[in-house]
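As a plain string of letters, each chain reads:
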Amino acid sequence: MNKKDQYIINGYLPTIGIECHVQLKTKTKLFSGVSNDARNAQPNTLISHIDLGMPGALPVLNQQAVKLACKAAFALNTKPSLFSKFDRKHYFYPDLPKGYQITQFDQPIIIGGYVEINLNNEKHKIRVARAHLEEDAGKLTHPSGADYSLVDLNRAGTPLLEIVSEADMHSAQEARAYAQELYILMRYADVSEGDLYHGNMRFDVNVSVSSSDKLGVRTETKNLNSFKSVEKAVEYEIARQIELLKNGNVVTQETRGWDDAKQKTFSQRSKEEAHDYRYFAEPDVPPVVLKDADIDAIEKTMPIMPAELREKLQHLQLDKSTIETLIQEIPAGRFMLKILDKTSTSAARKIANWLVVDVQAITLESNVSWESINLS
């Protein structure tokens with residue numbers, strides 16, 4: 001039996017890839033000295049002449065963003081590229097004053113890697129094709145019933161790392177597990193605050209279905225900011241595309257949005273291709289050239305990652321749900337790391353269960369975060 005056969009639905013094999021935009025936790029933006037924290041800022045107060053693309057404005061690369069991207073590479077089980085460069089990606093939209101986005105096209109800072117997930121007690125390796133640095137665009141708001149839109153440019157220039165998976169997933173459950181594990185990896189590596197509510201990590205899911213060995217036409221559902229919405233959007237798209245093909249219709253390659261209230265995707269615009277963006281090398285930002293010594297120094301700063309922590313916790317003979325709770329609640333997981341070498345196995349097991357049962361109950365009942373609890 002072909003391994004993929006278990007994923008076939010009504011004669012169609014779904015194929016899924018995910019692009020994740022990770023906001024890097026720098027103090028300032030990618031190319032300007034403006035604050036990178038727009039969560040409580042009034043609209044259009046965190047902008048500069050560089051973000052607005054004023055004549056003569058020259059971007060200066062944030063070195064901390066490069067270091068964080070290097071840490072992300074190690075979290076993704078690979079190493080950063082010694083040479084990468086920036087490019088201009090042209091498109092015209094109100095949230096992009098310059099008329100182009102500075103990103104990395106053909107020579108990104110990360111190539112390869114993988115994310116390992118555990119689903120139904122089976123391990124799956126989801127390959128990473130690439131990850132590249134780029135600046136974010138602004139945010140458009142469309143007031144209900146109004147004939148205008150509002151633009152807030154506070155996010156323009158925010159440093160992002162876009163992580164692009166290979167199309168290695170074939171179910172909504174795999175897609176959700178990948179998104180959750182990627183989130184955990186970026187948090188443990190201290191690359192991002194990981195605040196999903198404020199869009200620190202946003203997921204774009206590419207879905208296609210096919211009844212043959214050839215991949216089907218894909219759609220991209222953009223800007224999903226929860227694991228549940230990733231799962232539900234994939235489920236909906238798989239069902240929608242199969243229904244279209246079963247009825248003799250075709251799937252249109254397009255960008256779609258997600259309506260959380262209706263639990264369905266909706267068409268937004270036709271999908272652009274690379275040539276539509278007229279990429280060329282960014283003339284104002286020099287290439288990023290790293291030395292082996294630079295990369296080795298960053299690698300030495302890497303904390304213990306989830307895979308190693310899981311292995312350590314398994315020696316305590318804890319059940320899987322307890323281990324995953326400790327992994328997902330990062331302060332609890334880091335606290336366990338501190339005590340594992342300082343106490344007996346039986347004592348560590350009791351502390352682990354206390355954290356998952358009693359302390360977690362306090363966080364839920366009192367609506368407080370794990371970060372606010374002093375576990376030192």
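One structure accompanies this document, and this report is about it. For clarity, every value in this text was computed on a predicted model and none was experimentally measured.

**Overview of the overall build of the protein**
Item 1. A tally of helices and strands in the protein yields eight helices and 16 strands.
Item 2. Relative to the globule expectation of 21 Å for 376 residues, the C-alpha radius of gyration of the protein, 22 Å, shows essentially globular dimensions.
Item 3. In terms of principal-axis extent, the alpha carbons of the protein reach across some 65 × 55 × 45 Å.
Item 4. A burial count over the protein gives 49% of its 376 residues as buried.
Item 5. Long-range contacts, defined here as pairs at least 24 residues apart, represent 68% of the contacts in the protein between residues at least 6 apart.
Item 6. Surface summary for the protein: the accessible area is close to 19100 Å², and the carbon and sulfur share equals 50%.
Item 7. Distance between charge centres in the protein, computed from 45 positive and 50 negative side chains, equals 2 Å.

**A few points about the side chain of Asp 168**
Item 1. Along the chain, Asp 168 falls in the loop between strand 10 (159–165) and helix 2 (172–188).
Item 2. Judged by its relative accessible area of 18%, Asp 168 falls in the buried class.
Item 3. A distance of 2.8 Å separates the side chain of Asp 168 from the side chain of Arg 127, its partner in a polar contact.
Item 4. Once you skip the residues sitting within four places of it in the chain, Asp 168 turns out to touch Ile 16, Lys 125, Ile 126, Arg 127 and Glu 174.

**Describing empty space enclosed by the protein**
Item 1. A complete count under the given rule lists one cavity of 30 Å³ or more for this structure.
Item 2. Roughly 60 Å³ of internal volume is contained in the largest cavity.
Item 3. Asp 51, Asp 95, Leu 96, Pro 97, Lys 98, Tyr 100, Glu 135, Asp 136, Ala 137, Gly 138, Ala 156 and Gly 157 together form the lining of the largest cavity.
Item 4. Residues of the lining of the largest cavity, tallied by class, amount to five nonpolar, two polar and five charged.

**Regarding the pairing of strand 4 (residues 100–103)**
Item 1. The two faces of strand 4 match: Tyr 100 and Ile 102 on one face and Gln 101 and Thr 103 on the other face are all buried.
Item 2. Here strand 3 (residues 87–90) runs beside strand 4; their pairing, made up of four bridges, is antiparallel. Within strand 4, the residue paired with His 90 across the bridge is Tyr 100.

**Focus: the sheet that holds strand 15 (residues 280–281)**
Hydrogen bonds between backbone groups are what pair the strands of a sheet, and the pairing can be parallel or antiparallel.
Item 1. The strand order 4-3-15 describes an open sheet built from three strands, whose pairing is antiparallel. Each of the sheet's edge strands pairs with one partner strand only, and the pair in question is strand 4 and strand 15.

**Quick look at the pairing of strand 7 (residues 122–135)**
Item 1. As defined by bridge partners, strand 5 (residues 110–111) adjoins strand 7 across two bridges and the pair is classed as antiparallel. Looking at the pairing, Ile 110 lines up with Ala 131 of strand 7.
Item 2. Bridge count between strand 7 and strand 10: seven bridges; the pairing is antiparallel. Within the sheet, the bridge partner assigned to His 132 lies in strand 10 and is Glu 162.

**Describing unusual backbone geometry**
For residues that are not glycine, phi is negative in most cases, and the peptide bond is trans in most cases.
Item 1. Backbone geometry at Asn 121 places phi at a positive 65°, although glycine is not the residue there.
Item 2. Examined against the element boundaries, Asn 121 turns out to sit in the loop between strand 6 (114–119) and strand 7.

**Brief notes about a negative patch on the surface**
Item 1. On the surface, Asp 292, Asp 294, Asp 296 and Glu 299 cluster together into a negatively charged patch.
Item 2. Among the residues examined, Glu 299 registers a relative accessible area of 36% and is labelled partly exposed.

**Here we look at the packing of aromatic side chains**
Item 1. All told, the structure shown has six aromatic pairs when counted by the stated rule.
Item 2. Measuring from ring centre to ring centre gives 5.4 Å for Tyr 183 and Phe 227, while their planes differ by 70°; the resulting arrangement is edge-to-face. Highlighted residues: Tyr 183 in helix 2 and Phe 227 in helix 3 (residues 227–246), separated in sequence by 44 residues.
Item 3. By relative accessible area, Tyr 183 is classed as buried at 16%.

Definitions and cut-offs
- Once a new chain begins, its residue numbering starts again from 1 and follows that chain's sequence as written.
- Note on the predicted model: pLDDT of at least 70 is required for a residue's local features to be given, and 80 or more for side-chain atom pairs to be given and counted; whole-chain, interface and lining totals, by contrast, use all residues.
- To get the side-chain values, take all heavy atoms of the structure and skip hydrogens and water.
- By definition, any uninterrupted DSSP run of H or I lasting at least four residues is a helix, any uninterrupted run of E lasting at least two residues is a strand, and each is numbered from the N terminus.
- Our radius of gyration looks at C-alpha atoms and nothing else; its globule reference is 2.2 Å times the residue count to the power 0.38.
- Any residue under 20% of the maximum accessible area for its type is buried, any over 50% is exposed, and the rest in between are partly exposed; the area is computed with a 1.4 Å probe on protein chains only.
- The contact definition used throughout considers only heavy atoms, calling two residues in contact when any of these lie within 4.5 Å.
- Reported accessibility uses the Shrake-Rupley method at a 1.4 Å probe radius. Residues are deemed covered only where the shown protein chains occlude them.
- By the counting scheme adopted, Arg and Lys are positive, Glu and Asp are negative, and His together with the chain ends is not counted.
- One atom stands in for each charge, and that atom is NZ of Lys, CZ of Arg, CG of Asp or CD of Glu.
- Nitrogen and oxygen atoms within 3.5 Å of one another constitute a polar contact, given that in protein one can donate a hydrogen and the other can accept it, and given that sequence-neighbouring residues count only through two side-chain atoms.
- The definitions used throughout rest on a 1 Å grid laid over the protein atoms alone, on which a cavity is an enclosed set of points accommodating a 1.4 Å probe that cannot get out and a pocket is an open set flanked by protein within 12 Å on both sides along at least five of seven lines; lining residues are those having an atom within 4 Å of a point.
- Grid points are joined across faces, edges and corners, and a volume is the space filled by probe spheres set on the points.
- Here the nonpolar group is Ala, Val, Leu, Ile, Met, Phe, Trp, Tyr, Cys and Pro; Asp, Glu, Lys and Arg are the charged ones; every other residue, Gly included, is treated as polar.
- By definition, two strands form a pair when at least two bridges between them are found by DSSP.
- A patch consists of residues exposed above 30% relative accessible area that lack any salt bridge, with like charges linked at up to 9 Å and nonpolar side chains (Val, Leu, Ile, Met, Phe, Trp, Tyr) linked at up to 5 Å.
- Salt bridges are defined by distance alone: a side-chain nitrogen of Lys or Arg within 4 Å of a carboxyl oxygen of Asp or Glu.
- Any two of the Phe, Tyr and Trp rings considered here, Trp counted by its six-membered ring, make a pair once their centres fall within 6.5 Å; the pair's planes then place it as stacked at under 30 degrees, edge-to-face at over 60, or tilted in between.

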